[in-house]
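Residue-level structure breakdown
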Amino acid sequence: MRPALLLQVLDREFQSTRSGHHTPVMLWGPPGVGKSQMITEVANRHGVPLIDIRLSQMEPSDLRGIPFKHGDRVEWAIPSMLPDAERHGPEGVLFLDEITSAPPSVSAAAYQLILDRRLGNYQVPEGWAIFAAGNRQGDRGVTYTMPAPLANRFSHFEVDLNVDDWAAWAYGAGIDDRIIAFIRFRPDLLFDFDPAHNPVAFPSPRSWEFAHRALQKFEGQPELLSGALQACVGQAAGIELAAFLAHLEDLPDLDAIIGGERLPAPREIDLQYAVAAALVGRAIRAREAEEAPVVWGNILNYAGVFPQREMGVMMIMDMHRALGEPLFAVPEFGRWATEVADLMLYES
């Protein structure tokens, strides 16, 4: 399932704790596709705490607690990391990460916690959702086959990568427009991992964020930039990104476009992607400015300049994902939509 839809599922599952209909959710996917980030985003959206437990680093007693003698009985000290309504709050997210990397003895200790929401005398507070994530066995990570009793305690979703969803996230996260443009130009490089070769650096949503950081740090040092990019996303993708960045010197004057000049679009397709991504970034950064409707209107007008109308549609759809309904109020939007009515794809 694509990330935008998975976020809706996770949102609804969190809210369902209030009605008693919550089902623990297991997210499957290769490394670096954003499983942990999605669960963190859900907690942030609702303003609730997130307790991240890495089961791969635990012993069974870490979950079950430590036994101690109490009179004639042995009782168990509840681990402080588990959700407690008084200390952590009545609502939150309990995230069991790396669950497929946990030894069977540890995953067995989690059975009761996941399905029955309890461990011995400990009870998970009613307002806490339980989510988990892990890699598949073919992803070359340290993984164990998930036992059937544990698997049967979850609803299971596999994370499918989607360039539109990633671009929407990247704009919101402040990822450099040039990185977004490159992925738009080379969408097959959003994730390129061959488990058979077991590379140490490879393109993934996580490593493109690293590439963004490298660009901020080494842009003024060309002798270091290419190597830094390769260190983040692998040799082939890093070299290709460096060449793409060097080519951006031929971009048209973006300030002139924002100001309303109808400059011609670049002839090269990679530069067209770069212009489109840069203009979306400018539209987002102008959101709080008084002149935002004027900026958006000029960008909408420029959408019709691209030789391929699909490029303009992609640009405006990215703007809409970031800006939402206020974009509809700009007069130029209606004119643009009429011009591309035969190309528009409406998402349900």
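Looking at an unreviewed UniProt entry, the chain carries the name AAA+ ATPase domain-containing protein, with the source organism given as Thioalkalivibrio sulfidiphilus.

Quick word on the overall build of the chain
For the chain, the helix and strand inventory stands at 16 helices and nine strands. In terms of overall dimensions, the chain has C-alpha extents of about 85 × 45 × 35 Å along its principal axes. Residue burial in the chain is summarised as follows: out of 348 residues, 49% are buried. Taking all contacts inside the chain whose residues are at least 6 apart in sequence as the whole, residues at least 24 apart take part in 71%. Carbon and sulfur atoms form 52% of the exposed surface of the chain, whose accessible area is close to 17,200 Å².

Considering empty space enclosed by the protein
A full pass over the atoms with the stated rule returns one cavity of 30 Å³ or more. The calculated volume of the largest cavity comes to roughly 50 Å³. Taken together, 10 residues line the largest cavity, and the ones lying closest to its centre are Ile99, Ala102, Ser107, Thr145 and Pro147. Class assignment of the residues belonging to the lining of the largest cavity gives a composition of seven nonpolar, three polar and no charged.

A look at helix 13 (residues 269–285)
When the terminal C-alpha atoms of helix 13 are compared, their 25 Å separation across 17 residues agrees well with the 24 Å that a helix rising 1.5 Å per residue should span. With 14 of 17 residues buried, helix 13 is to be regarded as a mostly interior element.

Brief notes about the sheet that holds strand 9 (residues 155–158)
Spatially, 2-5-8-1-9 is the arrangement adopted by the five strands of the open sheet, whose pairing is parallel. Of all the strands in the sheet, the pair left with one neighbour each is strand 2 (50–54) and strand 9. Direction aside, neighbouring strands of the sheet carry axes that sit 20° apart on average. Here helix 1 (residues 3–15) sits on the sheet and contacts strand 1 (25–28), strand 5 (91–97), strand 8 (127–134) and strand 9; the angle it forms with strand 8, its principal contact strand, is near 145°.

Focus on the domain arrangement of the chain
For the chain, the domain assignment lists domain 1 (3–158) and domain 2 (163–347). Distance from the C-alpha centre of domain 1 to the C-alpha centre of domain 2: 36 Å. Every contact between the two is made by 11 residues of domain 1 and, on the other side, 11 residues of domain 2. Breaking the side of domain 1 that touches domain 2 down by element, the ones donating at least two residues are helix 1 and helix 2 (35–46).

Considerations on the side chain of Ser16
Looking at where Ser16 falls in the secondary structure, it is placed in the loop between helix 1 and strand 1. Relative accessible area serves as the criterion here: at 6%, Ser16 is assigned to the buried category. Among all residues touching Ser16, those that are not within four sequence positions of it are His21 and His22.

Here we look at helix 9 (residues 205–218)
Its 14 residues place the ends of helix 9 20 Å apart at the C-alpha level, agreeing with the 20 Å of an ideal helix rising 1.5 Å per residue. For helix 9, every residue scored as buried is listed here: Pro205, Ser207, Trp208, Ala211, His212, Ala214 and Leu215. Down the axis, helix 9 shows its buried residues gathered within 165° of arc, on one side only. On its buried face, helix 9 sits against helix 7 (163–172), helix 8 (177–185), helix 10 (222–233) and helix 11 (235–247).

Conventions adopted
Residues numbered from 1 in each chain as written. Predicted model: local features only at pLDDT ≥ 70, side-chain atom pairs only at ≥ 80, totals over all residues. Heavy atoms only, no water. Helix = DSSP H or I, 4+ residues; strand = E, 2+ residues; numbered from the N terminus. Buried < 20%, exposed > 50% of the residue type's maximum accessible area, 1.4 Å probe, protein only. Contact = heavy atoms within 4.5 Å. Areas by Shrake-Rupley, 256 points an atom, 1.4 Å probe, with all protein chains shown as cover. 1 Å grid on protein atoms, 1.4 Å probe; cavity = no way out; pocket = protein on both sides within 12 Å on 5 of 7 lines; lining within 4 Å. Points joined across faces, edges and corners; volume = space filled by probe spheres on them. Nonpolar A, V, L, I, M, F, W, Y, C, P; charged D, E, K, R; others polar. Expected span 1.5 Å × (residues − 1). Pairing = 2+ DSSP bridges. Axes fitted to C-alpha atoms, helices over the stretch in contact; angles between N-to-C directions. Domains from an automatic or database assignment. Arc of directions from axis to C-beta.

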